[in-house]
Amino acid sequence: MAQQPLAESVWRPRVTVAAVVARGDRFLMVEETIRGALCLNQPAGHLESGEEIVDALVRETREETGWQVLPRHFIGVMPWLNPRHGDVTLRFAFAAEALRHDASQPLDAGIVRALWMTRAEIAAQSPRLRTSLVLSSIDAWLGGQRLPLATIGRLGATGRG
């Protein structure tokens, strides 16, 4: 019996980043169209090949909202099982500070608008949340969960594997 090449037999989760950006009692959110439904999410997206995780957070937030942000803390890794197709996503959640907004920045395809909402307003829209991780990451941040950014390694910084 022929053996499968290692690359095909190793399980690989999807990796995403998400930004918890607070300004007073409001959080930066995006309204986006997913499979024809209008959903709410934090600025978030997939890590690209060779991209540093923190750089992905800055890029995704700018592309989805027009906001330039400065990552301040790592909140944590939050696994999520997609009930639709069974894939697992590892979501790296970060707290970031809003620096400036570029209203001329075109938003990613599918993004309807960026908006600032209170936690209560977000919770009231629970059925529209992209995943339960939206509130989980906000609640972790509100609960004081803040790890140094150095907790996340950088590509090439760990030597040979």
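Quick summary incoming for the structure in this document. (Residues numbered from 1 in each chain as written. Predicted model: local features only at pLDDT ≥ 70, side-chain atom pairs only at ≥ 80, totals over all residues. Heavy atoms only, no water.)

A few words now on the overall build of the protein. What the protein contains, in helices and strands, is four helices and seven strands. By the compact-globule yardstick of 15 Å for 161 residues, the protein fits well, its C-alpha radius of gyration being 17 Å. In terms of overall dimensions, the protein has C-alpha extents of about 60 × 35 × 35 Å along its principal axes. Considering only contacts within the protein whose residues lie at least 6 apart along the sequence, 72% involve residues at least 24 apart. Here the protein has roughly 9200 Å² of accessible surface; of this, 53% comes from carbon and sulfur atoms. (Helix = DSSP H or I, 4+ residues; strand = E, 2+ residues; numbered from the N terminus. Rg over C-alpha atoms; globule rule 2.2 N^0.38 Å. Contact = heavy atoms within 4.5 Å. Areas by Shrake-Rupley, 256 points an atom, 1.4 Å probe, with all protein chains shown as cover.)

One non-glycine residue with positive phi stands out, namely Arg35, at about 45°. Its location among the elements puts Arg35 in the loop between strand S2 (26–34) and strand S3 (37–41). Taking the relative accessible area as the measure of exposure, Arg35 reaches 63% and is therefore exposed. (Buried < 20%, exposed > 50% of the residue type's maximum accessible area, 1.4 Å probe, protein only.)

Side chains that are nonpolar tend, in soluble globular proteins, to be buried together. Of all hydrophobic cores here, the largest spans 18 residues; its most connected members are Met29, Ile75 and Ile122. Breaking this core down by element, the ones donating at least two residues are S2, strand S5 (67–81), strand S6 (88–101), strand S7 (111–118) and helix H4 (133–142). The leading source of residues in this core is H4, at six residues. Beyond its immediate stretch of four places on either side in the chain, Met29 contacts Leu40, Asn41, Gln42, Arg113, Ala114, Leu115, Met117, Ile122 and Val134. Membership of the second largest hydrophobic core comes to 17 residues, among which are Leu28, Val54, Leu57 and Ala96. (Core = buried A, V, L, I, M, F, W, Y, C linked by side-chain atoms within 4.5 Å.)

Moving on, we come to the packing of aromatic side chains. In the structure shown here, the tally under the stated rule is four aromatic pairs. Both rings, one in Phe27 and one in Trp141, keep their centres 6.0 Å apart while their planes meet at 90°; by these two values the pair is edge-to-face. Of this pair, Phe27 sits in strand S2 while Trp141 sits in helix H4, and the two are 114 residues apart along the sequence. Of the two residues, Phe27 and Trp141, neither departs from the other in class, the shared state being buried. The interplanar angle of 90° and the centroid separation of 5.6 Å between the aromatic rings of Trp67 and Trp116 together place this pair among those described as edge-to-face. One end of the pair, Trp67, is in strand S5; the other, Trp116, is in strand S7, and 49 residues separate them in sequence. Three or more aromatic residues joined by ring pairs form one cluster here, namely Phe74, Phe92 and Phe94. (Phe/Tyr/Trp six-rings, centres within 6.5 Å; stacked < 30°, edge-to-face > 60°.)

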